[in-house]
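# Secondary and tertiary structure notes
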There are 4 protein chains.
Amino acid sequence: MAASGRHGAGVDKQRVILDAAIRVFARQGFHSCRVSDVADEAGVAYGLVYHYFSSKEEILNTLFTERWQLMLDAIVEIDSREQLTARDKLGQVAGFIIDSYRHEPDLMKVIIVEVTRAANTFGRHHLPKIREAYNLIAGIVEQARADGTFKSDISAEFAAMCFYGAIEQLLTAWIFDVLPKSDDDYERAKGLVVEAICGGLESDAVGAAA
Amino acid sequence: MAASGRHGAGVDKQRVILDAAIRVFARQGFHSCRVSDVADEAGVAYGLVYHYFSSKEEILNTLFTERWQLMLDAIVEIDSREQLTARDKLGQVAGFIIDSYRHEPDLMKVIIVEVTRAANTFGRHHLPKIREAYNLIAGIVEQARADGTFKSDISAEFAAMCFYGAIEQLLTAWIFDVLPKSDDDYERAKGLVVEAICGGLESDAVGAAA
Amino acid sequence: MAASGRHGAGVDKQRVILDAAIRVFARQGFHSCRVSDVADEAGVAYGLVYHYFSSKEEILNTLFTERWQLMLDAIVEIDSREQLTARDKLGQVAGFIIDSYRHEPDLMKVIIVEVTRAANTFGRHHLPKIREAYNLIAGIVEQARADGTFKSDISAEFAAMCFYGAIEQLLTAWIFDVLPKSDDDYERAKGLVVEAICGGLESDAVGAAA
Amino acid sequence: MAASGRHGAGVDKQRVILDAAIRVFARQGFHSCRVSDVADEAGVAYGLVYHYFSSKEEILNTLFTERWQLMLDAIVEIDSREQLTARDKLGQVAGFIIDSYRHEPDLMKVIIVEVTRAANTFGRHHLPKIREAYNLIAGIVEQARADGTFKSDISAEFAAMCFYGAIEQLLTAWIFDVLPKSDDDYERAKGLVVEAICGGLESDAVGAAA
DNA sequence: GATGAATGAGGTTTCATTCAT
DNA sequence: TATGAATGAAACCTCATTCAT
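Notes on the structure follow. Everything quoted here is computed from the prediction, not taken from an experiment. (Residues numbered from 1 in each chain as written. Chains lettered and ligands numbered in written order. Predicted model: local features only at pLDDT ≥ 70, side-chain atom pairs only at ≥ 80, totals over all residues. Heavy atoms only, no water.)

### Considering unusual backbone geometry
- Even without being glycine, Asp177 of chain C reaches a positive phi, approximately 55°.
- Relative to the assigned elements, Asp177 of chain C resides in the loop between helix H8 (156–175) and helix H9 (183–199). (Helix = DSSP H or I, 4+ residues; strand = E, 2+ residues; numbered from the N terminus.)

Quick look at the structure:
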């Protein structure tokens, strides 16, 4: 029943370390911070970090894996709602990701900046997991191509890239203060990103004529 | 007539170092490589790197600045062709970037992976220059919104993010072998990315009906 | 009862490093030695030096500050003995400094050669602390000028320089084997330096006649 | 007739470099400056320094040797004036050294700070030359001891140390702005340093009584 | 004489990781 | 569990010196 450890009221030190790592990685960057910075932020001894994690990188891996799986599960769940159109499904996916950033901006910043956008270094290891997301999105598109609602000349994989790329860029823009981020901006963005990618930037008249 | 430097046949060592750095950074990543790796690859002595560059980071900065400016210039030039529609202009921009990757994949990999997608660390310093690109693209969109060809409910800045994000994700997918990259793929991508973003993923029937 | 640290028999590694540094600095000079020389001499790992000191210079600073303060305290104490004449006080000061050299020649060599006689570089930082010594000595002289035992045409500050300069030169001469250094030499020097500075080099007949 | 080189008006580059070195060594310290700093200050190319001097250290050696010999010659000359008393001779020596500092403070700063007060490192090499000065001064004292004007219980070598130490400390105090340095201060110092060392700090009444 | 590009050894410092208690 | 002292492998950068022109 208790959280963990042998005391009922014991704080879960592993969790404390992970949460501290989120703040430190977001603030200083994974490379530029020391393990001792994380330990200090967590208020635990230096060596305890190594009691729970085999390396600094494993902390990052844990943060990523934990969170990314939530997203994959969410996408799977969204995709399973049969009554939804592809556009609606993509809208839900966009909404989930944007809400994730709203509620845990530090964690999402770490995941995006240090993992998904850093595929060259650590990200490389997570590429398979990252691809799963691409594939799930592609799956949604594929169905829409099959039922004729999405253009067939744009492959599902290609479409998934455009969609995911747009969203990640959006988050990146928020992370680095390139776009405004009021509650309203977040809410509006959910609809607009889908409108932009599914409906296109061109106004309907033009689109229809083309 | 002479190439450069004080010898008629003299090679420009600074250029040699920069080109070596492109290969090394692309192969090992900026962080994971040592300055001596660059020197070795260039076939010059260790210290010569520091004769031309004040630090390892300055090499990266130089590579980025050089190349990014070419892109900014290209976008400005494309935008100045008055007879082109916004979709055509965006198509040219996408084409320029995709061709850049085709012809210099290592350099573009370095720029994207180590700078634009790493805004947290080095990229931070280049954010203003990166933003210039966003703004130029937004400028193209803005005109189309003004003349009614682009939807007015999607702001130009937001649209620019979607467009740029889609292209960068495309390149990232190529860089990490997530999407196929034959000559044909590159050529087709030029048109498709614009079709996806401007025309939307939805087939015209759906779009018109919406 | 325990020596220090967490083990009953534990050696204080910081002290071990400081003592090793004294020997290495004295032998090779601060500039010409490497941090690894100090670590080797102390029998500890390279990095442990940086666990206790932020830089090589901080080791020197610590050695100086520790020791110099002892001297300042001693001078203050000597000056407080009201029954002593100025000459006696200066004699005690000279005695303290000479004994310091006798008992810890390496440490005093380091302090003199690398700090007080190197005011241009590191010493600069310690100038205020060095000046304190000058001022304390000047204070002793000042009292003697006030009560008429010391000449009033020689300012206390000027006199302090002559006195301190003579002693430091004496130590320097010992350090570089310019003067002999038997136990007898040390003991005699204590009286002679005061005799030379307070009483003058000239024999009393001449002094009285002048 | 011309200074040097093949042009009548040719500047002596070696001299230019030496003079530049004086300024740079005085300003930055011998250790903390680079050979290129000297070349820049002299307005000559990097490599030219090595055309005239075999190493950075040789520049310092040259500066020291040149100047120190002038002093040795001066002391010899002063000592040869048979009509002078020991006190007068020492006064002339003090005057020569103090004037040297007045007229060429940078050069004297370099010699004192980087050579005579740094005997551990470079100075070591010049110790024999430095000792010559001690010995010449000791010679003056020795004569005075022989004729009874100087106390016999203070050895000439010991006395020379006190005298030289006092003067060098005086110069050091000026160098590091510990004592005031108006024209008046310099002039007065010439007499006072001799009065202090030869006559003693104690007022005549005390001295005579002792 | 004059230039400055080229060399490369070496030192300081950092920090992830281990381990004794 | 928990601590933090101890380890030691890198890596960046400096800069005296050389040398081709």
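### A short note on the environment of Met108 of chain C
Residues and elements named next belong to chain C.
- Summarising the element assignment, Met108 is placed in helix H6 (residues 105–115).
- Its relative accessible area of 8% is what places Met108 among the buried residues.
- Along the sequence, Met108 and Leu171 sit 63 residues apart, while their C-alpha atoms lie 8.6 Å from each other.
- For Met108, the contacting residues outside a window of four places in its chain are Arg67, Ile97, Ser100, Tyr101 and Leu171. (Buried < 20%, exposed > 50% of the residue type's maximum accessible area, 1.4 Å probe, protein only. Contact = heavy atoms within 4.5 Å.)

### Details of the protein's contact with DNA strand E
- Val35 and Tyr46 of chain A, Tyr52 of chain B together with Arg34 and Tyr46 of chain C are the nearest of the 32 residues found near DNA strand E.
- A breakdown of the atoms of DNA strand E within 4 Å of the protein gives sugar and phosphate a share of 62%.
- Here a phosphate oxygen of DNA strand E sits 2.9 Å away from a polar atom, N or O, in the main chain of Ala45 of chain B.
- Side-chain polar atom of His51 of chain B to a phosphate oxygen of DNA strand E: 2.8 Å apart, as the coordinates give it.
- Going through the elements one at a time, helix H3 (46–52) of chain B, helix H3 (46–52) of chain C together with helix H3 (48–52) of chain D are the ones with two or more residues in the surface near DNA strand E. (Near = heavy atom within 4 Å. Polar contact = N/O pair within 3.5 Å; in protein donor to acceptor, adjacent residues only side chain to side chain.)

### Quick notes on the protein's contact with DNA strand F
- As a structural note, the neighbourhood of DNA strand F is formed by 32 residues, with Arg34, Tyr46 and Tyr50 of chain B, Tyr52 of chain C together with Tyr46 of chain D the closest of them.
- Atoms of DNA strand F within 4 Å of the protein: sugar and phosphate make up 65%, bases the balance.
- Lys13 of chain A places a polar side-chain atom, nitrogen or oxygen, 3.2 Å from a phosphate oxygen of DNA strand F.
- The separation between a phosphate oxygen of DNA strand F and a polar main-chain atom of Val35 of chain B is 3.1 Å.
- Within the residue set of the surface near DNA strand F, elements represented by two or more residues are helix H3 (48–52) of chain A, H3 of chain B together with H3 of chain C.
- The greatest single-element share of the surface near DNA strand F, amounting to 5 residues, is contributed by H3 of chain C.

### As for the packing of aromatic side chains
All names here are of chain C.
- The final tally for this structure, using the stated rule, is 25 aromatic pairs over all chains.
- On the numbers, 6.0 Å between centres and 10° between planes, the contact of Tyr101 with Trp174 is stacked. Highlighted residues: Tyr101 in helix H5 (residues 86–103) and Trp174 in helix H8, separated in sequence by 73 residues.
- Exposure remark for Tyr101: the relative accessible area of 4% places this residue in the buried category.
- Here the aromatic rings of Trp174 and Tyr186 are separated by 4.8 Å at their centres, their planes lie at 75°, and the arrangement is edge-to-face. (Phe/Tyr/Trp six-rings, centres within 6.5 Å; stacked < 30°, edge-to-face > 60°.)

### With respect to the environment of Gly191 of chain B
All names here are of chain B.
- Residue position: Gly191 is located in helix H9 (residues 183–199).
- Judged by relative accessible area, which is 43%, Gly191 ranks as partly exposed.
- For Gly191 and Gln92, which are 99 residues apart along the polypeptide, the C-alpha to C-alpha distance reads 9.4 Å.

### Notes on the packing of helix H1 (residues 13–28) of chain C against H6 of chain C
Residues and elements named next belong to chain C.
- As a packed pair, H1 and H6 sit with axes 8 Å apart at the nearest point and diverge in direction by 60°. The orientation of H1 with respect to H6, classified from their angle, is oblique. Handedness of the crossing formed by H1 with H6: left-handed. Between H1 and H6, the contacting residues are Ile22, Arg23, Phe25 and Ala26 on the first element and Asp106, Leu107, Lys109, Val110 and Glu114 on the second.
- When grouped by side-chain class, the residues that make up the contact of H1 with H6 number 5 nonpolar, no polar and 4 charged. (Axes fitted to C-alpha atoms, helices over the stretch in contact; angles between N-to-C directions. Parallel < 35°, antiparallel > 145°, perpendicular 65-115°, else oblique. Left-handed = near helix turned anticlockwise from the far one by under 90°. Nonpolar A, V, L, I, M, F, W, Y, C, P; charged D, E, K, R; others polar.)

### Quick notes on the arrangement of the chains
- Separating chain A from chain C is a minimum C-alpha gap of 13 Å, and the two share no contact.
- Considering only C-alpha positions, the minimal separation of the non-contacting chain A and chain D is 30 Å.

### Describing the packing of helix H6 (residues 105–115) of chain D against helix H8 (residues 156–175) of chain D
Residue and element names in this part refer to chain D.
- One way to put it is that H6 packs onto H8 with a least axis distance of 11 Å and a crossing angle of 115°. Considering only the axes of H6 and H8, their crossing is left-handed. Mapping the contact onto sequence places Met108, Lys109, Ile112 and Val113 in H6 and Glu168, Leu171, Thr172 and Ile175 in H8.

### Observations regarding the interface of chain B and chain A
- Facing the 57 residues of chain B at the interface are 56 residues of chain A.
- Approximately 5,100 Å² of surface area, both sides summed, lies buried where chain B meets chain A, with 62% of it carried by carbon and sulfur atoms.
- Among the residues of chain B in contact with chain A, Lys151, Phe158 and Leu201 of chain B are the three that bury the most area, contributing 16% of the side total.
- The tally of links between chain B and chain A comes to 6 salt bridges. (Buried area = accessible area lost by both parts, 1.4 Å probe. Salt bridge = Lys/Arg side-chain N within 4 Å of Asp/Glu carboxyl O.)

### Overview of the relation of the copies chain C and chain D
- When chain C is fitted onto chain D, the two copies agree to an RMSD of 0.1 Å after a turn of 180° and an axial shift of 0.0 Å. Such a turn and shift between the copies fits a two-fold axis. Minimal C-alpha distance to the rotation axis in chain C is attained by Gly200 of chain C, lying at 1.7 Å.
- Mapped onto chain D, 100% of the interface residues of chain C again fall at the interface, so both copies present the same surface. (Least-squares fit on C-alpha atoms with pLDDT ≥ 70 in both.)

### Considering the relation of the copies chain B and chain A
- Of the transformation placing chain B onto chain A, the axial shift is 0.0 Å and the rotation is 180°, giving an RMSD of 0.1 Å.
- Both copies share a contact surface, since 98% of the interface residues of chain B are interface residues in chain A too.

### Some details on the pattern of salt bridges
- One pass over the structure, following the stated rule, counts 88 salt bridges over all chains.
- Across the pair Arg87 of chain B and Glu202 of chain A runs a salt bridge, and its minimum N-O distance is 2.8 Å. Separated into two different chains, Arg87 of chain B in helix H5 (residues 86–103) and Glu202 of chain A in the loop between helix H9 (183–199) and helix H10 (204–209) make up a pair that spans both.
- Glu77 of chain B serves as the salt-bridge partner of Arg81 of chain B, at 2.8 Å between the closest nitrogen and oxygen.

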